[in-house]
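# Examination of the molecular architecture
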Amino acid sequence: MPTYTAPTRDTRFIVNELLDLASYGNLPGFENATPDMIDTVINEAGKFCAEVLAPVNQAGDEHGCTRHEDGSVTTPPGFKEAYQAYVESGWGTLAQPEEFGGQGLPHVLGFVLEEYSGTANQAFAMYPGLTAGAISAIIAKGSDEQKAAFLPKMISGEWSGTMNLTEPHCGTDLGMIRTKAVPNGDGSYAITGTKIFISAGEHDLTSNIIHLVLAKTPGAPDSTKGISLFIVPKFVLDENGEPAQRNGVTCGSIEKKMGIHGNATCLLNYDGATGYMVGEENKGLAAMFIMMNAARLGVGIQGYAQAEVAYQNAVTYALDRRQGRALTGPAEPEAKADPIFVHPDVRRMLMDAKVFTESMRALCLWGALQVDLTHKAQTAEEREQADLLIGLMTPVIKGYGTDKGYDIANNMQQVYGGHGYVREWGMEQFVRDSRIAMIYEGANGVQAMDLCGRKLAANGGKAIQAFFAMIDEEIAAAKQVAELKPVAERLEKALGEQKAATMWFMQNAMANPNHLGAGAHHYMHIMGVVTLGFFWLRMAKVALTKLADEPEDKAFYEAKLVSANYYAERFLPDAGALRRKLEAGSEYMMKLPAEAFATAA
Ligand SMILES: Cc1cc2nc3c(=O)[nH]c(=O)nc-3n(C[C@H](O)[C@H](O)[C@H](O)COP(=O)(O)OP(=O)(O)OC[C@H]3O[C@@H](n4cnc5c(N)ncnc54)[C@H](O)[C@@H]3O)c2cc1C
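Let me sum up the structure you'll find in this document. These numbers were taken from a predicted model, which means no experiment stands behind them.

For the structure on display, the rule yields 21 aromatic pairs. With a centroid separation of 5.3 Å and an interplanar angle of 90°, the aromatic rings of F556 and Y557 are classed as edge-to-face. Classification of Y557 by relative accessible area gives buried; the value is 3%. The rings of F48, F79, Y83, Y86, W91 and F124 are connected pair by pair, giving a single aromatic cluster. A cation over a ring is seen here: R435 above Y406, with NZ or CZ 5.5 Å from the ring centre.

Taken as a whole, this structure holds 34 salt bridges when the rule is applied. Of the charged contacts in the structure, one is a salt bridge between E115 and R361, with a shortest N-O distance of 2.9 Å. Of this pair, E115 sits in helix 5 (residues 107–120) while R361 sits in helix 9 (residues 344–376); the two residues are 246 residues apart in sequence, bridging distant segments of the chain. By relative accessible area, which is 1% here, E115 ends up buried. We classify R361 as buried; its relative accessible area is 1%. Here K485 ties to E489 by a salt bridge, and the two come within 3.5 Å at their closest N and O atoms.

This part takes up helix 2 (residues 35–53). Compared with the 27 Å implied by 1.5 Å per residue over 19 residues, the 26 Å span of helix 2 between its first and last C-alpha is a close match. Within helix 2, the full set of buried residues consists of I38, V41, I42, A45, G46, F48, C49 and L53. All buried residues of helix 2 fall inside an arc of 165° around its axis, so they share one side. In helix 2, the exposed residues that point more than 90 degrees away from the buried face are D36 and E51. Packing partners of the buried residues in helix 2 comprise helix 1 (8–18), helix 3 (57–63), helix 4 (79–88), helix 5 and helix 6 (122–141).

Once that is clear, we can look at the side chain of E202. Here E202 lies in the loop between strand 5 (189–199) and strand 6 (208–215). Here K234 takes part through its side chain, which lies 2.7 Å from a polar atom of the side chain of E202. Once you skip the residues sitting within four places of it in the chain, E202 turns out to touch G71, S72, V73, I209, K234, R246, C251, A264 and C266.

Around the ligand, the structure places 17 residues, and the nearest of them are M163, T166, T172, F197 and S199. Here a nitrogen atom of the ligand and a backbone polar atom of M163 are 2.8 Å apart. Take T166: an N or O atom from its side chain is 2.7 Å from a nitrogen atom of the ligand. For the shell around the ligand, the elements supplying multiple residues, two or more each, are strand 3 (159–164) and strand 5. Of all the elements, strand 5 adds the most residues to the shell around the ligand, at 3 residues. In the shell around the ligand, the residues fall into 9 nonpolar, 6 polar and 2 charged.

Quick look at unusual backbone geometry now. The phi torsion at N282 lies on the positive side, around 70°, for a residue other than glycine. Using a relative accessible area of 25% as the deciding quantity, one classes N282 as partly exposed. Positive phi, close to 50°, is recorded for N459, a residue that is not glycine. In this structure, N459 sits in helix 13 (residues 458–478).

Moving on, we come to the nonpolar core. In this structure, L212, M412, F467 and Y523 are the most contacted members of the largest nonpolar core, which totals 193 residues. For this core, the element with the highest residue contribution is helix 15 (residues 513–548), accounting for 19 residues. Setting aside chain neighbours within four positions, we find F467 in contact with L389, L392, M393, Q498, M527, V530 and T531.

A separate point is the state of the cysteines. Applying the stated rule across the entire model yields 0 disulfides. Counting only cysteine sulfurs, C266 is the nearest neighbor of C251, a cysteine outside any disulfide, at a range of 3.9 Å. With a relative accessible area of 3%, C251 lands in the buried category.

As a further point, take the packing of helix 4 against helix 6. Where helix 4 meets helix 6, the axes come as close as 11 Å, and the angle between the chain directions of the two elements is 45°. As judged from the angle between their axes, helix 4 and helix 6 are oblique. Judged by the twist between their axes, the crossing of helix 4 over helix 6 is right-handed. Contact with helix 4, carried on its side by F79, A82, Y83 and Y86, involves A123, F124, Y127 and P128 of helix 6 and no other residues of that element. Counted by class, the contact of helix 4 with helix 6 contains 8 nonpolar, no polar and no charged residues.

About the thresholds
- Residues numbered from 1 in each chain as written.
- Predicted model: local features only at pLDDT ≥ 70, side-chain atom pairs only at ≥ 80, totals over all residues.
- Heavy atoms only, no water.
- Phe/Tyr/Trp six-rings, centres within 6.5 Å; stacked < 30°, edge-to-face > 60°.
- Buried < 20%, exposed > 50% of the residue type's maximum accessible area, 1.4 Å probe, protein only.
- Lys NZ or Arg CZ within 6 Å of the ring centre and 35° of its normal.
- Salt bridge = Lys/Arg side-chain N within 4 Å of Asp/Glu carboxyl O.
- Helix = DSSP H or I, 4+ residues; strand = E, 2+ residues; numbered from the N terminus.
- Expected span 1.5 Å × (residues − 1).
- Arc of directions from axis to C-beta.
- Contact = heavy atoms within 4.5 Å.
- Polar contact = N/O pair within 3.5 Å; in protein donor to acceptor, adjacent residues only side chain to side chain.
- Near = heavy atom within 4 Å.
- Nonpolar A, V, L, I, M, F, W, Y, C, P; charged D, E, K, R; others polar.
- Core = buried A, V, L, I, M, F, W, Y, C linked by side-chain atoms within 4.5 Å.
- Disulfide = S-S within 2.5 Å.
- Axes fitted to C-alpha atoms, helices over the stretch in contact; angles between N-to-C directions.
- Parallel < 35°, antiparallel > 145°, perpendicular 65-115°, else oblique.
- Left-handed = near helix turned anticlockwise from the far one by under 90°.

Quick look at the structure:
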């Protein structure tokens, strides 16, 4: 059975030493985040996820969810007890506003929990994860009445939330949705239509489920400009705010799918269900995007989370499994063979995983800090800067993070040889579970287009210029330090490739938009490679300072320096090849007619 240990030392390094979270104590919501509190949350979250959530992960995969004749759904064995423990410990309240029963702690700590829970048990973590997304949409766009009625019980975890966008004929192109919302005359609406692939759409963990549903009112424009957002509770609330009458929303089926078996992916039928509009009519997509942006960062975390747990197990296996001899001569001559850990090709896979997961962790926790600063920083300038950066980085965290996370999980399965392919060792579950993150919350091709088609050019390129300036500044300082210079120079070269690719888009994409579409994936990957390089440079700088102070865990900081150099040598050069692919444009990609793709017998 695979194991999981929460990487609390690395998290503390990032939160305390890299981001210096305690130094933001003057900001609202940060005053409670004292160094002691931060460490307690990190350690306790790690313990809870490793001891309560991880042990039911494999059972969740084996048993999956069961839909019964009456449309009810039972979650896998152990999930109900684990959820109860999650609610009783108040984990869902961590980063939620105090006025609705939350603890008001920084999002950074909320993201720590998201990582640990998503790593320990992704299928389980999606139940509270979707609730958190629904909460953010209601906080941003709900009326005071809606906030009072729904938020406290969603935040406590007594009720859960879902997000209903997808319909059988449309996923990416939401302008085509057909679900109707007809006014009932009393302020509520009758919602009718079919939603598919709804995560956590029906289950037995909570006493009510609050669905957030996109639908069109009569006469609304037949495009994304005609979409409104509705709250549709599974049980309509009575005058005391308690779940009462069963609403007209039922689970028609649950999907049999590749991974995340413990999470119920439902087809939901809405048959005149009572719904309440959230925000303004026809402005639903913008409201839903608030939820999606939060969820996209969460999915980015899922990308490296599965890579992390797969990596932890692969390291154990590589140290234990003996095959062949080290190329430089037997490492353990007394044994019949050396551990496979000695083989450079196995090391390559393990080092790739180590440097990817550690830098993605730094990027995501930094991203969470930007989310906090967007709302809470003291000056308008700082708030704008944080907003620009997190808006730009969201598709990279989601798209690059999950593409690469899947590759890494796959490589960790490879470390096990044939034993990785059989179910017993649990490695193939990590690969299957991680695959979905590339698809939902906007497939990664759509993330790439969001980055290149919208975010790069927005506000005259202000965000990407801020990104370049931030990295340029770090490089200039690091080049003055002998130990950091090699990493800084390689990063400078990779950043140069990104700048050139950006320029190429500016000069060529207007004339032929297919050039943009053809290069978007490559650009997103260049930016991912450069961004993680930036975090390695910053982590190396902190590690160097700590080493000068002669810390107790010298080995930890020395490993950071080695890893930064490995990343610089092995990942950053990819930016050059990706740029060349991007500059190939779209000619040969788009040249062949559809008939040429048909297979001739
Ligand atoms: C397990 C699971 C859980 C899910 N959970 C939820 C949920 O909770 N709520 C919910 O509403 N939905 C959910 N979904 C749906 C998911 O978000 C969609 O499947 C996803 O957004 C893609 O939509 P689609 O499947 O219709 O693919 P399509 O939109 O048909 O896309 C197919 C392919 O074409 C590409 N493509 C489409 N349009 C473009 C474009 N303009 N530019 C470039 N490429 C494009 C896509 O990138 C993709 O590769 C879930 C799906 C699964 C499988």
